[in-house]
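# What the coordinates show
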Amino acid sequence: MPSDDTNAPDPRPGYRALLRNREFAGLYAGFTLTVGASTLSGFALGTLVDRSTGSPFLTAVSMYGATFATVLGATTLMSVADGSRPRRTLVALQCVAFAGACAQAVPGMPLVARFALLLLLGFFQSLNTGTRMGLLAEVVPASAYVPARSLMNITAGGTSVLGFTLGAVLLPHLTPQACSSRQGH
């Protein structure tokens with residue numbers, strides 16, 4: 001039964017305390033950059049598909065289709081996320097995501113190839129998420145896991161909004177290919 005002692009210290013650390021943990025701060029920074037980059041890249045790809053097809057459906061698929069592939073990846077790859085080298089796995093997946101974003105920036109790539117690449121990268125994104133959450137459990141104490149997840153979820157939403165905002169600001173000045181190749185996956 002919970003204690004009524006209001007003077008007892010809260011065993012869960014706050015967000016600032018979490019960010020003083022160097023391993024969490026690195027994981028958090030990488031996560032924030034990944035969300036911002038993928039949002040900006042998705043915005044650029046959606047704009048490119050819209051300009052080339054005029055189809056709202058294909059535009060939506062280009063911006064959010066990777067999410068559907070992530071579901072399939074989650075059902076097939078999640079056991080790999082429990083591997084013994086999560087840091088190396090995350091770095092390798094970030095390199096693959098960066099290469100995929102650069103490939104999306106190639107002018108004249110056929111739409112079918114763009115969608116195939118998008119779905120392939122989305123498939124492996126589930127491994128990225130699972131590995132990151134497993135590593136999170138390693139780098140923060142059990143009492144800090146819920147606040148750490150909370151901070152990452154809040155950041156994901158805020159960073160997505162900022163990524164779409166930045167995309168809208170850059171759109172009049174850069175081509176969609178330039179936006180997607182300048183992101184830092």
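Report on the accompanying structure. (Residues numbered from 1 in each chain as written. Predicted model: local features only at pLDDT ≥ 70, side-chain atom pairs only at ≥ 80, totals over all residues. Heavy atoms only, no water.)

### Thoughts on the overall build of the protein chain
Counting its secondary structure elements, the protein chain contains seven helices and zero strands. Order of helices (α) and strands (β) in the protein chain, N terminus to C terminus: α-α-α-α-α-α-α. Burial statistics for the protein chain: of 185 residues in total, 39% are counted as buried. (Helix = DSSP H or I, 4+ residues; strand = E, 2+ residues; numbered from the N terminus. Buried < 20%, exposed > 50% of the residue type's maximum accessible area, 1.4 Å probe, protein only.)

### With respect to the environment of Ala 99
Mapped onto the elements, Ala 99 comes out in helix 4 (residues 86–104). In this structure the C-alpha to C-alpha distance between Ala 99 and Leu 121, which are 22 residues apart in sequence, comes to 9.9 Å.

### Notes on the packing of helix 2 (residues 22–53) against helix 5 (residues 111–139)
It is at 12 Å that the axes of helix 2 and helix 5 come closest, and there the two elements cross at 165°. On the basis of the axis angle, helix 2 is roughly antiparallel to helix 5. Between helix 2 and helix 5 the crossing geometry is left-handed. Only Leu 111, Arg 114, Phe 115, Leu 118, Arg 132, Leu 135, Leu 136 and Val 139 of helix 5 make contact with helix 2, whose side of the interface consists of Glu 23, Phe 24, Leu 27, Phe 31, Thr 34, Leu 45, Leu 48, Val 49 and Thr 53. Residue composition of the contact of helix 2 with helix 5, by class: 12 nonpolar, two polar and three charged. (Axes fitted to C-alpha atoms, helices over the stretch in contact; angles between N-to-C directions. Parallel < 35°, antiparallel > 145°, perpendicular 65-115°, else oblique. Left-handed = near helix turned anticlockwise from the far one by under 90°. Contact = heavy atoms within 4.5 Å. Nonpolar A, V, L, I, M, F, W, Y, C, P; charged D, E, K, R; others polar.)

### Points about the nonpolar core
Of all hydrophobic cores here, the largest spans 17 residues; its most connected members are Phe 24, Leu 27, Leu 136, Val 139, Val 140 and Met 152. Contributions of two or more residues to this core are made by helix 2, helix 5 and helix 6 (145–170). Here this core takes five residues from helix 2, the largest share from any one element. Those residues in contact with Phe 24 that lie beyond four places of it in its chain are Leu 18, Leu 19, Leu 136, Val 139, Val 140, Ala 148, Leu 151 and Met 152. (Core = buried A, V, L, I, M, F, W, Y, C linked by side-chain atoms within 4.5 Å.)

### Quick notes on the pattern of salt bridges
Using the criterion set out here, one finds two salt bridges in the structure. Several salt bridges converge on common partners, so that one network encompasses Glu 23, Arg 87 and Glu 138. (Salt bridge = Lys/Arg side-chain N within 4 Å of Asp/Glu carboxyl O.)

### Details of the packing of helix 5 against helix 6
Between helix 5 and helix 6, the shortest axis-to-axis distance is 10 Å and the interhelical angle comes to 140°. Looking at the two axes, helix 5 sits oblique to helix 6. The element helix 5 and its partner helix 6 pack so that their crossing is right-handed. Residue-level inspection shows Arg 132, Met 133, Leu 136 and Ala 137 of helix 5 in contact with helix 6, the latter providing Tyr 145, Ala 148, Arg 149 and Met 152. Residue classes in the contact of helix 5 with helix 6 are distributed as six nonpolar, no polar and two charged.

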